[in-house]
Amino acid sequence: MINIIVACDLNKLIGKNGKLPWNIKEDWDYFLETTSGGTLIMGRHCYKEFEDHAKERSVIALSQNPQIEFPYAQKAHSLSESLAMASTLNQTIWICGGREIYKEALSLADHLYLTEIQAEFTGDVYLPSWEEYFPNEISRKSIQTDSLELIFRVLTK
C-alpha cells in the first residue's frame, strides 16, 4: 500500500527554505506514530530535516545528484526506483515529500493522510492540488493544541 502523508496550513503551504514552516509537537508525534513500521520515501531536503530519526526507520531518500549520500537511508534517483526498492521490503510505503515527489505520487498512492493546520504561515512551497485524486474522506479527527487547531484527515480515491 502506498500512502502520502503531509501537513499544510490554510493556504496549502508545506515548506519554507527546505524545511517545515512550523514546529508543532502534535503534528510531529502524529507523523512519527502513523509512519512507524513503514518505509518512508522522501526528497533530500526532507531527509536533512528527518536525518536524526532515519537511524531507526526504513528510509529511501531521492536525489539525482551522484555526489549526495544519505548516511541512514537507501538512495534512489527517482520515485519509480524508490517504489520498486520499497516494494521488496513488504512494509507500508509512506511518501513524505517534497512538493515534486507529492505531485508525482498523487496518481499512484492509495491514501492521503492530510493534516490541515488551521493557521497561516509564511513560506515558499505549496502542496499540489490533491482533491481530484482523493475525493473520499475515510476519517477526520480534530485536536486543539495550546495555540491552534489541527485536523487530521485520511482520504482515499
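Along each chain, residues carry numbers from 1 onward, in the same order as the chain's sequence is written. In view of the model being predicted, local features appear only for residues whose pLDDT reaches at least 70, and side-chain atom pairs are presented and counted only at 80 or more, with totals across whole chains, interfaces and linings using the full set of residues. Note that the side-chain values use all heavy atoms of the structure and ignore hydrogens as well as water.

1. Observations regarding the overall build of the protein
Link 1 in the chain: Within the protein one finds 4 helices and 10 strands.
Link 2 in the chain: Of the regular secondary structure in the protein, the N- to C-terminal order runs β-β-α-β-α-β-β-α-β-α-β-β-β-β.
Link 3 in the chain: The C-alpha radius of gyration of the protein comes to 15 Å, within 12% of the 15 Å expected for a compact globule of 157 residues.
Link 4 in the chain: Dimensions of the protein along its principal axes, counting C-alpha atoms only, are 40 × 30 × 25 Å.
Link 5 in the chain: Looking at the protein as a whole, 45% of its 157 residues are labelled buried.
Link 6 in the chain: Note on contacts: a residue pair is in contact if any heavy atoms of the two residues lie within 4.5 Å. Summarising the internal contacts of the protein: among those between residues at least 6 apart in sequence, 61% fall at separations of at least 24.
Link 7 in the chain: Accessible area of the protein: about 8,300 Å², with a carbon and sulfur share of 47%.
Link 8 in the chain: Positive charges are assigned to Lys and Arg, negative charges to Asp and Glu, while His and the chain termini are left out of the count. Just so you know, the charge point we use is NZ for Lys, CZ for Arg, CG for Asp and CD for Glu. In the protein, 15 positive and 22 negative side-chain charges are present, and the distance between their average locations comes to 3 Å. Under the DSSP-based scheme used, a helix requires at least four consecutive residues in state H or I and a strand at least two consecutive residues in state E, with every element numbered from the N terminus. Radius of gyration: C-alpha atoms only; globule rule: 2.2 Å multiplied by the number of residues to the exponent 0.38. A simple rule labels every residue: compare its accessible area, found with a 1.4 Å probe on the protein chains alone, to the largest value its type can have, and call it buried under 20%, exposed over 50%, or partly exposed in between. Surface exposure here means Shrake-Rupley accessible area, sampled with a 1.4 Å probe, where a residue is shielded only by the protein chains that are shown.

2. As for the packing of aromatic side chains
Link 1 in the chain: Here the aromatic set is Phe, Tyr and Trp, taking the six-membered ring for Trp, and pairing holds for ring centres within 6.5 Å; pairs whose planes are under 30 degrees apart are stacked, those over 60 apart are edge-to-face, and all others are tilted. In total, this model carries 7 aromatic pairs according to the counting rule given.
Link 2 in the chain: Considering the side-chain rings of Tyr47 and Phe70, the 4.9 Å spacing of their centres and the 75 degrees angle between planes classify their relative orientation as edge-to-face. Separated by 23 residues along the polypeptide, Tyr47 in helix 2 (residues 44-54) and Phe70 in the loop between strand 4 (58-62) and strand 5 (74-76) bring together distant segments of the chain.
Link 3 in the chain: According to the relative accessible area criterion, Tyr47 is buried, its value standing at 1%.
Link 4 in the chain: Through a chain of ring-to-ring contacts, the aromatic side chains of Trp28, Phe31 and Phe50 assemble into a single cluster.

3. What to know about helix 3 (residues 79-87)
Link 1 in the chain: Residues of helix 3 that are buried: Leu79, Ser82, Leu83, Met85 and Ala86. Down the axis of helix 3, the buried set is contained in an arc of 160 degrees. They therefore lie on one face.
Link 2 in the chain: Residues of helix 3 that are buried sit in contact with strand 1 (2-8), strand 3 (39-43), strand 4, strand 5, strand 6 (93-95) and helix 4 (99-105). The arc under discussion is defined with respect to the helix axis, by the directions toward the C-beta atoms.

4. Regarding the nonpolar core
Link 1 in the chain: Residues belong to a common nonpolar core when they are buried Ala, Val, Leu, Ile, Met, Phe, Trp, Tyr or Cys residues joined through side-chain atoms within 4.5 Å. If you look at the biggest cluster of nonpolar residues, it comprises 26 residues, and the most contacted ones within it are Ile4, Ile41 and Ile95.
Link 2 in the chain: Looking at this core, the elements that each hand over two or more residues are strand 1, strand 4, helix 3, strand 6, helix 4 and strand 7 (111-117).
Link 3 in the chain: Apart from the residues lying within four places of it in its own chain, the contact partners of Ile4 are Ile95, Tyr102, Ala105, Leu106, Ala109, His111, Leu112, Tyr113 and Phe134.
Link 4 in the chain: Grouped together as the second largest cluster of nonpolar side chains are 16 residues, Met42, Val59, Phe70 and Val154 included.

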